[in-house]
Amino acid sequence: MVEAGRKYVFDFDSTLTQVEALDVLAEITLRDKSNKSEIIKEIQEITNLGIDGDISFTESLERRIRLLKAHKNDLEGLVGELRQKISKSITSNKEFFQQFSDDIYVISCGFKEFIDPIVEEYNIPSDRVYANTFKFDDEGNIIGFDESNVLAMHNGKIECLKQLDLEGEVQVIGDGYSDYVMREAGIADKFFAYTENVHREKAANNADHVTPNFDEFLFVNDLPRNISYPKNRIKILLLENVHPAAFDNLSNDGFSVELVKHSLPEEELMERLKGVHVLGIRSKTQVTKKVLDAADKLLVIGAFCIGTTQIDLEYSKKRGVVVFNAPYSNTRSVVEMAIGQIIMLMRNIFTRSTEIHNGQWNKTANNSREVRGKNLGIVGYGNIGKQLSVLAEAIGMRVYYYDVLERLALGNATKCSTLKELLSVSDVVSLHVDDNKANENFIGAHEIEQMRDGAILVNLSRGFVVDIDALAAALKNGKLGGAAVDVYPVEPRSNGAFDTALQGIPNVILTPHIGGSTEEAQRDIADFVPNKIMDYINSGNTVDAVNFPTIRLPKQNKAHRFLHIHKNVPGIMAKINEVLAKYEMNILGQYLSTDNEVGYVITDLDKDYNKAVVKELKNVENTIKFRVLY
């Protein structure tokens, strides 16, 4: 697995740590200076000039130390700060440094005074740390550095590595061009540009391999690591202009994320999904059987909305693709909009506003009513319906509700046993039904006829739920006194021209599917859905999945985790465990959940295992998907 005699040479600043240590030291020594920001900026500029080889390192070091005005006592605080700023993927792979400590060296143009105590905790002794040393005056002030040290000189890393004369393949891991020069000089066999903390073009462009984190380095070299597959290799495609926080959340966890502002038609989506592991969409992108068949690597779909009818859920499950949505994140936004529209329609405010915009003053109380004491009929008493019920009651409305499922009433709400009963008693009817295809034209001419004369209809649920032509006719002939419609049977894929039979009718509020589109709701969705995606990718957890058996998992602790998705057929668990027994695997925990079609089993095992077991588990008959987590 690992070539004999391989040596690993690490840079320190911005590689083993997330920061440049002298920049942190500057923050400490200059904290009370009025010109602190200007000095730190100058130090950082000098640092980058030296790293990229644009000035000699000796000059870079001299200029920075003059600006620092540091004292020996400041170093203890610096070490404390650096301990909190070890690179994340270095910290998560601490075992590598313990296992291969005899083959690890640190060659840095930093200083041993702060490097030694940091790397000592990673089992790297001082005699394998090559760095500069400070000079102090009698009062402990840092006044310079040991000019005789090769690392204080231009291209000092080359000379240092030459003097070490290491045997075997030498791999250099660092963030700067000053690390690459060891490869350029022919004394290192490979250079890995480490970009977890900073991406330096000059180093990356000359690297044998760009490694966005230490997991990638270990993966490329087939070395023991904390996770089986580097997150930067997991590709995520986010469509339809989802909130930027989703991009940030997923990127910050290490995934490679692409953001597209619009939805994609089927053929283009099929092409774009090749090699993609995670797809994020809103309501317009259609994930069909053809799309799923073309998505060769797809593991999970995140719907950044409530509805999931745009996704073929059953076929997704058969393909082993887990689907998550955001059933609660925009509830409050929809409810507030419904309350606002009910008040606007009852007061006929939209009509009066349009008149003023057209230069007409028409002060009148005709068709303007309070909502207090009026009857609100809620069709669909789920999360949104219940919250609307509470808020409507708080402003004095009497609430009636109808749902095909048994729902417990909140507050003083009254349950109606039929839709007809609800329609006949309601001054306002607000629709909050789900995206079940059986709900198409749920409110048509027949149902509208059952409503009170002059009643108001609000639809913030699904576009196909209301027969738009029947609604338009009822509004024009005066059967209904107003309507608010936010969703339509057919909606455009992107912003632009739009036509509906409801346009131009008085006391009708038309909005472009924005019931859940508030900054707060979109931000909540951008937190909720990525967290579900990350939890599944990182641990296998399927809690809140729309289409998949649910497994709630304990925290993984120093064990391999095998995730096996399979057709739910008799005997398959016996076959899986037979393979595990054949290779004498020690099972620490096993978690199984099934539905009528699919089984999902997660097995936690001892750290060491025979790699042949993976191949056999993938080949178990009726396996849909298999992956390994460390």
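Throughout, residues of each chain are indexed from 1 in the direction in which the sequence is written. Under the rules for a predicted model, residues below a pLDDT of 70 receive no local features and side-chain atom pairs below 80 are neither given nor counted, while totals for whole chains, interfaces and linings still include all residues. Remark: hydrogens and water are excluded; side-chain values derive from all non-hydrogen atoms of the structure.

**So, the sheet that holds strand 8 (residues 209-211)**
Read across the open sheet, the six strands follow the order 3-2-1-6-7-8; overall the sheet is parallel. Two strands close off the open sheet at either side, each with one partner strand: strand 3 (129-132) and strand 8. The sheet shows a mean angle of 20° between the axes of neighbouring strands, taken without regard to direction. Note on pairing: DSSP must find at least two bridges between two strands before they are called paired. Helix and strand assignments come from DSSP, with helices taken as H or I runs of at least 4 residues and strands as E runs of at least 2, each series counted from the N terminus. Judged from the four bridges that link them, strand 6 (residues 170-174) and strand 7 (residues 190-194) form a sheet pairing that is parallel. By the bridge assignment for strand 7, Val-172 is matched with Phe-191. In what follows, residue pairs with any heavy atoms lying within 4.5 Å of each other are defined as contacts. Orientation is described by lines fitted to C-alpha atoms, with helices fitted over the stretch in contact, and by angles between N-to-C directions that extend from 0 to 180 degrees. In this fold helix 4 (residues 57-68) packs onto strand 2 (104-111) and strand 3, with an angle of close to 55° to the strand it touches most, strand 2. Contacts from helix 10 (residues 177-184) reach strand 6 and strand 7, with the element oriented near 165° to strand 7.

**Observations concerning the sheet that holds strand 10 (residues 256-259)**
Ordered in space as 10-9-11-12-13, the five strands form an open sheet in which the pairing is parallel. Of all the strands in the sheet, the pair left with one neighbour each is strand 10 and strand 13 (322-324). Strand-to-strand, the axes of this sheet are offset by a mean angle of 15°, without reference to chain direction. Strand direction decides the pairing type here: strand 9 (residues 235-238) and strand 10, joined by four bridges, are parallel. Counted as the bridge partner of Lys-235 is Ser-256 from strand 10. Relative to the sheet, helix 23 (residues 519-539) contacts strand 11 (278-281), strand 12 (300-303) and strand 13, its axis offset from that of strand 12 by approximately 165°.

**Re the pairing of strand 22 (residues 587-594)**
Taken together, the seven bridges between strand 22 and strand 23 (residues 598-605) define a ladder with antiparallel strand orientation. Within strand 23, the residue paired with Leu-592 across the bridge is Val-601. In this structure, the hairpin formed by strand 22 and strand 23 is closed by a connection of three residues.

**Some points on the nonpolar core**
Here, nonpolar core refers to any group of buried Ala, Val, Leu, Ile, Met, Phe, Trp, Tyr and Cys residues whose side-chain atoms link them within 4.5 Å. Buried residues are those whose accessible area, probed at 1.4 Å on protein chains only, stays under 20% of the maximum for their type, while exposed residues exceed 50% and partly exposed ones sit between those limits. Ranked by size, the top nonpolar core spans 51 residues in total, and within it Phe-10, Phe-12, Phe-96, Phe-97, Phe-114 and Phe-214 carry the most contacts. Per element, the largest residue contribution to this core is six residues, and it comes from helix 2 (residues 21-29). Apart from residues no more than four positions distant in its own chain, Phe-114 is found in contact with Phe-12, Ala-21, Leu-22, Leu-78, Val-79, Leu-82 and Phe-134. By size, the runner-up hydrophobic cluster in this structure holds 33 residues, among which are Ile-525, Met-534, Tyr-600 and Leu-629.

**A look at empty space enclosed by the protein**
Only protein atoms enter the 1 Å grid, on which a cavity is a set of points fitting a 1.4 Å probe that cannot get out and a pocket is an open set with protein on both sides within 12 Å along at least 5 of 7 lines, lining residues being those with an atom within 4 Å of a point. Grid points are joined across faces, edges and corners, and a volume is the space filled by probe spheres set on the points. In the structure shown here, the tally under the stated rule is two cavities of 30 Å³ or more. Forming the boundary of the largest cavity are Leu-16, Ile-86, Ile-90, Phe-97, Ile-118, Val-119, Tyr-122 and Ile-124. Around the second largest cavity, the lining residues are Phe-562, His-564, Ile-576, Leu-580, Val-601, Thr-603, Leu-617 and Phe-626. Residue assignment for the lining of the second largest cavity shows that the elements contributing at least two residues are strand 21 (560-567), helix 24 (572-582) and strand 23.

**Section: the packing of helix 5 (residues 74-83) against helix 8 (residues 112-120)**
Across the interface, helix 5 lies against helix 8 with an axial gap of 10 Å and an inter-helix angle of 40°. When the interaxial angle is binned, helix 5 and helix 8 end up oblique. Of the two elements, helix 5 crosses helix 8, and the hand of that crossing is right-handed. Residue-level inspection shows Leu-75, Leu-78, Val-79, Leu-82 and Arg-83 of helix 5 in contact with helix 8, the latter providing Glu-113, Phe-114, Pro-117 and Ile-118. Between 65 and 115 degrees an angle is taken as roughly perpendicular, under 35 as roughly parallel, over 145 as roughly antiparallel, and anywhere else as oblique. The hand of a helix crossing depends on one turn: near helix anticlockwise from the far one by less than a right angle means left-handed, and clockwise means right-handed.

**Remarks on the pairing of strand 12**
Judged by which residues are buried, strand 12 turns out to be covered on both faces: Val-300 and Gly-302 on one side and Ile-301 and Ala-303 on the other are all buried. Pairing geometry for strand 11 and strand 12, over four bridges, is parallel. Residue Ile-281 lies in a different strand from strand 12, and its bridge partner there is Ala-303. Here, the term right-handed applies to a crossover whose path from the first strand over the helix to the second runs clockwise when the strands point away from the viewer. Traced from strand 11 through helix 15 (residues 289-294) to strand 12, the parallel crossover comes out right-handed. Direction of pairing for strand 12 relative to strand 13: parallel, over a ladder of three bridges. What sits directly across from Gly-302, in strand 13, is Phe-324. Regarding topology, helix 16 (residues 313-318) serves as the crossover connection from strand 12 to the parallel strand 13, and that connection is right-handed.

**Concerning the pattern of salt bridges**
When their charged atoms lie close together, side chains carrying opposite charge are able to pair. Should a side-chain nitrogen of Lys or Arg be within 4 Å of a carboxyl oxygen of Asp or Glu, the pair is scored as a salt bridge. For the structure shown, the criterion picks out 38 salt bridges. The salt bridge partner of Lys-36 is Glu-27, with a shortest N-O separation of 3.0 Å.

**With respect to the packing of aromatic side chains**
Whether two aromatic rings pair depends on their centres lying within 6.5 Å, for rings of Phe, Tyr and Trp, where Trp uses its six-membered ring; planes under 30 degrees apart make the pair stacked, over 60 edge-to-face, and the rest tilted. By the definition in use, this model includes 25 aromatic pairs. Ring centres 5.7 Å apart and planes at 70° place the aromatic pair Phe-548 and Tyr-600 in the edge-to-face group. Highlighted residues: Phe-548 in the loop between helix 23 and strand 21 and Tyr-600 in strand 23, separated in sequence by 52 residues. Ring-pair connections join several aromatic residues into one group, and the members of that group are Tyr-8, Phe-10, Phe-96, Phe-97, Phe-100, Tyr-122, Phe-192, Phe-214 and Phe-217. Placement of a charge over a ring requires the Lys NZ or Arg CZ to be within 6 Å of the ring centre, with the centre-to-atom vector within 35 degrees of the ring normal. One Lys or Arg, Lys-72, reaches over the ring of Phe-136 and ends 5.3 Å from the middle of that ring. For Lys-202, the ring lying beneath its charged end belongs to Tyr-177, and the centroid distance is 4.5 Å.

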